Amino acid sequence: MNSFRHRRISVTSVIGSPALVLLITAAGCSSPDDSGSAAVPSPGSKATQLCRNLDKVLPAKVAGESREDPSPASALTAGWGDPAIILRCGVERPPKMIDPKVAEGRDQDAVAGGVEGVKWLMEKQDDGGYRFTSASRRAYVEVTVPEGVDSSGALIDLAPAIKKAIPEGIADLTVGN
(Lines give C-alpha, C1' and ligand atoms only; values in the text may rest on other atoms or scores of the structure.)
Protein backbone atom coordinates (compact mmCIF):
# COMPACT_ATOMS: atom_id res chain seq x y z
CA MET A 1 0.00 0.00 0.00
CA ASN A 2 1.26 3.46 -0.83
CA SER A 3 1.93 5.28 2.44
CA PHE A 4 1.47 8.66 0.73
CA ARG A 5 -2.17 7.89 -0.05
CA HIS A 6 -3.49 8.74 3.41
CA ARG A 7 -1.45 11.86 4.12
CA ARG A 8 -3.22 15.19 3.81
CA ILE A 9 -0.19 17.45 3.58
CA SER A 10 -0.50 20.14 0.93
CA VAL A 11 2.48 20.47 -1.39
CA THR A 12 2.16 24.25 -1.25
CA SER A 13 2.34 24.19 2.55
CA VAL A 14 5.65 22.33 2.35
CA ILE A 15 7.40 24.26 -0.40
CA GLY A 16 5.27 27.38 -0.97
CA SER A 17 3.34 28.58 -4.04
CA PRO A 18 6.18 30.37 -5.88
CA ALA A 19 8.47 27.38 -5.43
CA LEU A 20 5.73 25.04 -6.67
CA VAL A 21 5.30 27.10 -9.85
CA LEU A 22 9.07 27.00 -10.41
CA LEU A 23 9.16 23.24 -9.81
CA ILE A 24 6.31 22.58 -12.26
CA THR A 25 7.90 24.85 -14.87
CA ALA A 26 11.27 23.11 -14.54
CA ALA A 27 9.69 19.66 -14.72
CA GLY A 28 7.76 20.63 -17.84
CA CYS A 29 10.95 21.75 -19.57
CA SER A 30 13.00 18.71 -18.69
CA SER A 31 13.26 15.49 -20.62
CA PRO A 32 12.85 12.07 -19.02
CA ASP A 33 16.12 10.99 -20.61
CA ASP A 34 19.33 12.55 -21.86
CA SER A 35 18.42 12.35 -25.54
CA GLY A 36 18.46 16.14 -25.86
CA SER A 37 16.24 18.38 -27.87
CA ALA A 38 15.81 19.22 -31.53
CA ALA A 39 13.88 21.95 -33.28
CA VAL A 40 10.99 20.42 -35.21
CA PRO A 41 10.98 21.50 -38.88
CA SER A 42 7.85 22.96 -40.53
CA PRO A 43 7.83 21.53 -44.06
CA GLY A 44 4.95 21.58 -46.54
CA SER A 45 2.34 18.83 -46.50
CA LYS A 46 4.07 16.65 -49.15
CA ALA A 47 7.40 16.70 -47.32
CA THR A 48 5.66 16.13 -43.97
CA GLN A 49 4.07 12.93 -45.30
CA LEU A 50 7.43 11.72 -46.66
CA CYS A 51 9.02 12.45 -43.28
CA ARG A 52 6.32 10.49 -41.47
CA ASN A 53 7.00 7.60 -43.84
CA LEU A 54 10.71 7.90 -43.01
CA ASP A 55 10.01 7.82 -39.28
CA LYS A 56 8.26 4.45 -39.72
CA VAL A 57 11.31 2.82 -41.36
CA LEU A 58 14.18 4.36 -39.38
CA PRO A 59 16.53 1.83 -37.80
CA ALA A 60 16.47 1.04 -34.08
CA LYS A 61 20.27 1.48 -33.98
CA VAL A 62 22.54 3.96 -35.73
CA ALA A 63 26.34 3.81 -35.42
CA GLY A 64 25.83 1.19 -32.70
CA GLU A 65 23.61 3.50 -30.63
CA SER A 66 19.99 2.81 -29.66
CA ARG A 67 17.19 5.14 -30.67
CA GLU A 68 16.35 7.79 -28.07
CA ASP A 69 14.22 10.47 -29.68
CA PRO A 70 14.77 14.10 -28.73
CA SER A 71 12.12 16.38 -27.28
CA PRO A 72 9.67 17.58 -28.26
CA ALA A 73 8.40 14.28 -29.63
CA SER A 74 7.74 14.43 -33.37
CA ALA A 75 7.67 12.13 -36.38
CA LEU A 76 9.97 14.70 -38.01
CA THR A 77 12.85 14.16 -35.57
CA ALA A 78 14.77 11.16 -34.26
CA GLY A 79 17.88 10.56 -32.19
CA TRP A 80 20.35 7.85 -31.27
CA GLY A 81 22.88 7.72 -28.43
CA ASP A 82 24.34 10.22 -25.98
CA PRO A 83 25.69 12.58 -27.18
CA ALA A 84 22.91 12.21 -29.70
CA ILE A 85 23.00 11.73 -33.43
CA ILE A 86 19.97 13.83 -34.42
CA LEU A 87 17.89 13.43 -37.58
CA ARG A 88 15.48 16.17 -38.64
CA CYS A 89 13.33 15.62 -41.72
CA GLY A 90 11.77 18.39 -43.76
CA VAL A 91 14.41 21.02 -43.04
CA GLU A 92 15.02 23.94 -45.38
CA ARG A 93 17.70 23.69 -48.06
CA PRO A 94 21.01 24.86 -46.57
CA PRO A 95 22.52 27.89 -48.36
CA LYS A 96 25.78 26.03 -48.95
CA MET A 97 23.93 23.45 -51.05
CA ILE A 98 23.78 25.95 -53.91
CA ASP A 99 27.12 27.65 -53.21
CA PRO A 100 29.42 27.16 -56.25
CA LYS A 101 32.50 27.08 -53.98
CA VAL A 102 31.22 23.82 -52.44
CA ALA A 103 30.64 22.19 -55.84
CA GLU A 104 34.12 23.26 -56.94
CA GLY A 105 35.75 21.96 -53.73
CA ARG A 106 36.85 25.44 -52.62
CA ASP A 107 34.97 25.54 -49.29
CA GLN A 108 37.02 24.13 -46.42
CA ASP A 109 33.96 23.67 -44.18
CA ALA A 110 31.53 22.05 -46.65
CA VAL A 111 31.84 19.10 -49.03
CA ALA A 112 29.37 17.38 -51.33
CA GLY A 113 29.46 13.58 -51.52
CA GLY A 114 27.47 10.40 -51.30
CA VAL A 115 27.12 7.34 -49.08
CA GLU A 116 25.19 4.19 -49.99
CA GLY A 117 23.21 5.84 -52.78
CA VAL A 118 22.24 8.99 -50.86
CA LYS A 119 23.89 12.30 -51.80
CA TRP A 120 24.89 14.54 -48.89
CA LEU A 121 26.19 18.01 -48.18
CA MET A 122 28.62 17.75 -45.24
CA GLU A 123 29.22 20.86 -43.15
CA LYS A 124 31.72 21.04 -40.30
CA GLN A 125 30.18 22.65 -37.21
CA ASP A 126 31.86 25.01 -34.75
CA ASP A 127 31.60 22.37 -31.98
CA GLY A 128 33.68 19.87 -34.00
CA GLY A 129 30.71 17.78 -35.14
CA TYR A 130 29.21 17.56 -38.61
CA ARG A 131 25.86 18.33 -40.18
CA PHE A 132 24.82 16.30 -43.22
CA THR A 133 21.87 17.30 -45.41
CA SER A 134 20.51 14.96 -48.05
CA ALA A 135 20.44 16.23 -51.63
CA SER A 136 18.40 15.24 -54.68
CA ARG A 137 15.51 13.92 -52.55
CA ARG A 138 11.87 15.09 -52.37
CA ALA A 139 12.47 16.25 -48.76
CA TYR A 140 15.67 17.44 -47.12
CA VAL A 141 16.91 15.23 -44.28
CA GLU A 142 19.46 16.69 -41.87
CA VAL A 143 21.66 14.51 -39.67
CA THR A 144 23.92 16.06 -37.04
CA VAL A 145 26.71 13.90 -35.72
CA PRO A 146 28.62 15.03 -32.61
CA GLU A 147 32.39 15.21 -32.52
CA GLY A 148 33.98 11.81 -31.92
CA VAL A 149 31.03 9.79 -33.30
CA ASP A 150 31.46 7.71 -36.47
CA SER A 151 29.66 9.83 -39.05
CA SER A 152 30.16 7.38 -41.91
CA GLY A 153 28.59 4.60 -39.83
CA ALA A 154 25.59 6.84 -39.09
CA LEU A 155 25.07 7.67 -42.76
CA ILE A 156 25.46 4.04 -43.84
CA ASP A 157 22.86 2.97 -41.26
CA LEU A 158 20.39 5.72 -42.28
CA ALA A 159 20.75 5.44 -46.08
CA PRO A 160 18.42 2.45 -46.63
CA ALA A 161 15.55 4.14 -44.76
CA ILE A 162 16.05 7.42 -46.60
CA LYS A 163 16.15 5.66 -49.98
CA LYS A 164 12.97 3.75 -49.10
CA ALA A 165 10.91 6.68 -47.76
CA ILE A 166 12.18 9.79 -49.57
CA PRO A 167 12.17 9.42 -53.38
CA GLU A 168 14.78 11.08 -55.55
CA GLY A 169 13.77 14.44 -56.99
CA ILE A 170 13.39 18.10 -56.11
CA ALA A 171 12.44 18.87 -52.51
CA ASP A 172 9.10 20.48 -51.68
CA LEU A 173 10.19 23.92 -50.48
CA THR A 174 6.69 24.99 -49.42
CA VAL A 175 6.88 25.58 -45.67
CA GLY A 176 4.01 24.71 -43.37
CA ASN A 177 1.08 24.36 -45.78
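In what follows, the accompanying structure is described. Residues take numbers from 1 onward in each chain, read along the sequence in its written order. Totals for whole chains, interfaces and linings use every residue, but because this is a predicted model, local features are given only for residues with pLDDT of at least 70 and side-chain atom pairs only at 80 or more, for both listing and counting. Computation of side-chain values covers all heavy atoms of the structure but excludes hydrogens and water.

As for the pattern of salt bridges
Stated formally: Just to be clear on terms, a salt bridge is a Lys or Arg side-chain nitrogen sitting within 4 Å of an Asp or Glu carboxyl oxygen. Strands are runs of DSSP state E lasting at least 2 residues, helices are runs of H or I lasting at least 4, and numbering of each runs from the N terminus. When a residue's accessible area, from a 1.4 Å probe over protein chains only, is under 20% of the maximum for its type it is buried; when over 50% it is exposed; and in between it is partly exposed.
One pass over the structure, following the stated rule, counts 6 salt bridges. With its nearest N and O atoms 2.5 Å apart, the salt bridge here joins Lys96 to Asp107. With Lys96 in the loop between strand 4 (85-89) and helix 4 (100-103) and Asp107 in the loop between helix 4 and strand 5 (110-115), this residue pair connects regions lying 11 residues apart in the sequence. Residue classification places Lys96 among the partly exposed residues on the basis of a relative accessible area of 25%. Its salt-bridge partner being Arg106, residue Glu104 comes within 2.6 Å of it at the nearest N-O pair. Residues joined in a network through salt bridges with shared partners are Asp55, Arg67 and Asp69.

Section: helix 5 (residues 151-165)
The line we're drawing: Take the residue count of a helix, subtract one, and multiply by 1.5 Å to get its expected span. Two axes define the bend at a residue: one fitted to the seven residues ending there, one fitted to the seven starting there, and the bend is the angle between them.
The terminal C-alpha atoms of helix 5, which comprises 15 residues, lie 21 Å apart, in line with the 21 Å expected from a rise of 1.5 Å per residue. Bending of helix 5 peaks at approximately 35° at the position of Leu158, with proline Pro160 no more than four residues after it. Every buried residue of helix 5 is accounted for by Gly153, Ala154, Leu155, Leu158, Ala159, Ala161, Ile162 and Ala165.

Some points on the sheet that holds strand 6 (residues 118-124)
Strand pairs in the sheet, formed through backbone hydrogen bonds, run parallel or antiparallel to each other. Defined as follows: A pair of strands is treated as paired once DSSP finds two or more bridges between them. Each axis is a line fitted through C-alpha atoms, and for a helix only the stretch in contact is used; angles between axes span 0 to 180 degrees, taken between their N-to-C directions. In what follows, residue pairs with any heavy atoms lying within 4.5 Å of each other are defined as contacts.
Pairing within the open sheet is antiparallel, and its 6 strands lie in the order 3-4-8-7-6-5. What marks the edges here is a single partner per strand, and that holds for strand 3 (77-80) and strand 5. Averaged over all adjacent pairs, the angle separating strand axes in this sheet is 20°, with direction ignored. The pairing of strand 7 (residues 130-135) with strand 8 (residues 141-145) spans 4 bridges and is classified as antiparallel. Looking at strand 8, one finds that Thr133 is bridged to Glu142. Along the sheet face, helix 5 touches strand 3, strand 4, strand 5, strand 6, strand 7 and strand 8 and points at about 145° away from the line of strand 6.

Observations concerning helix 3 (residues 45-57)
Heads up, the condition is: This arc corresponds to the set of directions leading from the helix axis out to the C-beta atoms.
Given a rise of 1.5 Å per residue, 13 residues ought to cover 18 Å, and the 19 Å separating the end C-alpha atoms of helix 3 matches this to within 8%. When we look at burial in helix 3, the residues that qualify are Ala47, Thr48, Leu50, Cys51 and Leu54. One face of helix 3 carries all of its buried residues, which in axial projection span an arc of 165°. Exposed positions of helix 3 whose direction lies more than 90 degrees from the buried face are Lys46 and Lys56. Contacts made by the buried residues of helix 3 are with strand 4, strand 8 and helix 5.

Observations regarding the pairing of strand 8
Along strand 8, 4 of the 5 residues are buried, which leaves the element largely enclosed by surrounding structure. Looking at chain direction, strand 4 and strand 8 are connected through 4 bridges and run antiparallel. Opposite Leu87, over in strand 8, you have Val143 as the bridge partner. As consecutive antiparallel partners, strand 7 and strand 8 are separated by 5 residues, and within that stretch Ser136 has a phi angle of approximately 60°, a positive value.

Shape is all these values report; function is a separate question.
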